[in-house]
Amino acid sequence: MNEPRPLCADTARHRGDVMNGTALHVRRFLLIEHPGPWGFDAVGTSGIEPEVIDQLVAATRRHGGRTLLIRRPGRQDHEPRRAWAVADVVGGTISWGTWEQDADLLAACDVIADPPGGSTDPVLLVCAHGRHDTCCAVRGRPVAAALAERWPDAVWECSHVGGDRFAGNVVVLPDGTYYGNLGRDDSVATVEQHLGGVVVPEQLRGSSMLSPVAQAAAIAAHERFGPGGPRDVRSAVVQSAGHERWRVELSCTGPLPLTVVADVEAQHAAAALLTCRAPHATSARSFVVTDVRAPSAPAGS
């Protein structure tokens, strides 16, 4: 009789898998309230008309977006009117709407293309997509419940956000910050600090506003010079410095230096089962910062 496979989040923590630079590079999120159940492909098996799904997914992809299903933790809400939202990470706002019929969701396409601005109130997404990966349910749902006790109006369970082995995964919108390896006991403190204006570098996976290489550089800047706020790394310029090596120049504000330069290289871990459903072992690529510095101001400046 085969031994049960260990959970991917347990083995990832045992290996010490690097989270830096593992957030999806996403500029906009389309959120669709849907009580479930969610299949492995949550959006594709949602029961929403395929023509509507095709238009929504095409719109989000055209504008660097991601479509997620959301639902309130621990609730089976069967109300006919549900919410949808577009979170504009770059603009830092969230626009909300409601839907009853599938075609009502098409109103989101114009918002995805040209966000009009909206609420800056935080939304806390917790991946609890158990059909996609067991760890998202086992670790994600207790985190969602704990956060919902503190911020009941802000918290939603969501479908797959990537990085199953880093469950519990939390995405803070509209700034697009990903946190991983959170548990029931430390999730509230981490989010509390984030909403208070200071990131928690030890739990950071990255900001979806930045590319993975730039995410790793930004986390190193927070560790070395901060931590600062979730939007204190304003932009990044990434230049190749050789095979799987980069130099990243960050423009920053807040407690961080105005300019931070980081040297980043890719590393490949030994092959492992990276998700609970993985059919075979694969090697994960991570981004490691070998140096981070604030260039000295020119003489006489």
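Because the structure is predicted, anything quoted here is derived from the model rather than measured. Along each chain, residue indices are assigned from 1 in the same order as the chain's sequence is written. Restriction of local features to residues with pLDDT of at least 70 applies here, the model being predicted, together with a cutoff of 80 or more for giving and counting side-chain atom pairs; totals for whole chains, interfaces and linings are based on all residues. Values reported for side chains reflect all heavy atoms of the structure, with hydrogen atoms and water molecules removed beforehand.

1. Here's the deal with the overall build of the chain
Helix and strand assignments follow DSSP, with helices taken as H or I runs no shorter than four residues and strands as E runs no shorter than two, numbered in order from the N terminus. Of regular secondary structure, the chain possesses 7 helices and 13 strands. Note that the radius of gyration is over C-alpha atoms, with the globule rule given as 2.2 Å times the number of residues to the power 0.38. Computed over its C-alpha atoms, the radius of gyration of the chain comes to 19 Å, within 12% of the 19 Å expected for a compact globule of 301 residues. Seen through its principal axes, the chain has C-alpha atoms that stretch 65 × 55 × 35 Å. Relative accessibility under 20% of the residue-type maximum defines a buried residue, over 50% an exposed one, and the middle range a partly exposed one, all with a 1.4 Å probe and only protein chains included. For the chain, buried positions account for 51% of its 301 residues. Here the analysis covers contacts within the chain between residues at least 6 apart in sequence; of these, 68% occur between residues at least 24 apart. In this description, accessible areas are obtained by the Shrake-Rupley approach with a 1.4 Å probe, and a residue is regarded as covered only by the protein chains that are shown. A total accessible area of about 13800 Å² is found for the chain, and carbon and sulfur atoms account for 50% of it. Positive charge is attributed to Lys and Arg, negative charge to Asp and Glu, and no charge count is given to His or to the chain ends. The location of each charge is read from NZ of Lys, CZ of Arg, CG of Asp or CD of Glu. Side chains of the chain give 28 positive and 34 negative charges; the mean places of these two sets differ by 4 Å. Whether two residues touch is decided by their heavy atoms; if any such pair falls within 4.5 Å, the residues are in contact.

2. Some remarks on the sheet that holds strand 11 (residues 245-252)
Pairing is antiparallel across the open sheet formed by 4 strands, whose spatial order is 10-11-12-13. Strands with a single pairing partner mark the edges of an open sheet, and in this sheet they are strand 10 (233-240) and strand 13 (285-293). Here the strands of the sheet are splayed against their neighbours by 30 degrees on average, with no regard to which way each runs. Between any two strands, pairing holds if DSSP finds at least two bridges. Pairing of strand 10 with strand 11, which is carried by 7 bridges, proceeds in the antiparallel orientation. When the bridges of strand 11 are listed, Val238 appears paired with Val248. Only C-alpha atoms enter the line fits that serve as axes; for helices the fit covers just the stretch in contact. Angles between N-to-C directions range over 0 to 180 degrees. Seen against the sheet, helix 7 (residues 212-225) touches strand 10, strand 11, strand 12 (259-268) and strand 13 and runs at an angle of roughly 45 degrees to strand 13.

3. As for the sheet that holds strand 5 (residues 123-127)
The 9 strands lie next to each other as 4-3-1-2-6-5-7-8-9, forming an open sheet whose pairing is mixed. For this open sheet the edge positions go to strand 4 (93-99) and strand 9 (204-207), each flanked by a neighbour on one side alone. For this sheet, the mean inter-axis angle between neighbouring strands, taken without regard to orientation, is 25 degrees. Sheet topology places strand 7 (residues 170-173) next to strand 8 (residues 177-179); 3 bridges connect them, and they run antiparallel. By the bridge assignment for strand 8, Val170 is matched with Tyr179.

4. Section: the pattern of salt bridges
In a structure, side chains of opposite charge can pair up when their charged atoms sit close to one another. One speaks of a salt bridge when a side-chain nitrogen belonging to Lys or Arg is within 4 Å of a carboxyl oxygen belonging to Asp or Glu. Applying the stated criterion to the full structure yields 12 salt bridges. With a shortest N-O distance of 3.7 Å, Asp88 and Arg28 are connected by a salt bridge. Placement of the pair is Asp88 in strand 3 (residues 82-88) and Arg28 in strand 1 (residues 28-33), with a sequence separation of 60 residues. According to the relative accessible area criterion, Asp88 is buried, its value standing at 10%. One network of salt bridges, with partners in common, ties together Arg247, Asp263, Asp291 and Arg293.

5. A word on the pairing of strand 11
Here strand 11 shows a buried face lined by Trp246, Val248, Leu250 and Cys252 and an unburied face lined by Arg245, Arg247, Glu249 and Ser251. Linking strand 11 back to strand 12 in an antiparallel pair, the connection comprises 6 residues, with Gly254 at a positive phi of about 65 degrees.

6. A word on helix 5 (residues 140-150)
The complete set of buried residues in helix 5 reads Gly140, Val143, Ala144, Ala146, Leu147 and Ala148. Where helix 5 is buried, its residues meet strand 5, helix 4 (134-138), strand 6 (155-158), strand 7 and helix 6 (184-195).

7. Some points on unusual backbone geometry
Residue Gly168 follows Ala167 across a cis peptide bond; omega there is 0 degrees. A cis amide bond links Leu173 with the next residue in sequence, Pro174, at an omega value of 10 degrees. Mapped onto the elements of the fold, Pro174 is located in the loop between strand 7 and strand 8. Within the chain, Asn181 stands out as a residue other than glycine whose phi angle is a positive 60 degrees. Topologically, Asn181 is positioned in the loop between strand 8 and helix 6. Of note in this structure, Glu244 is not a glycine but carries a positive phi near 55 degrees. Take Glu244: it is sitting in the loop between strand 10 and strand 11. For Glu244, a relative accessible area of 21% puts it in the partly exposed group.

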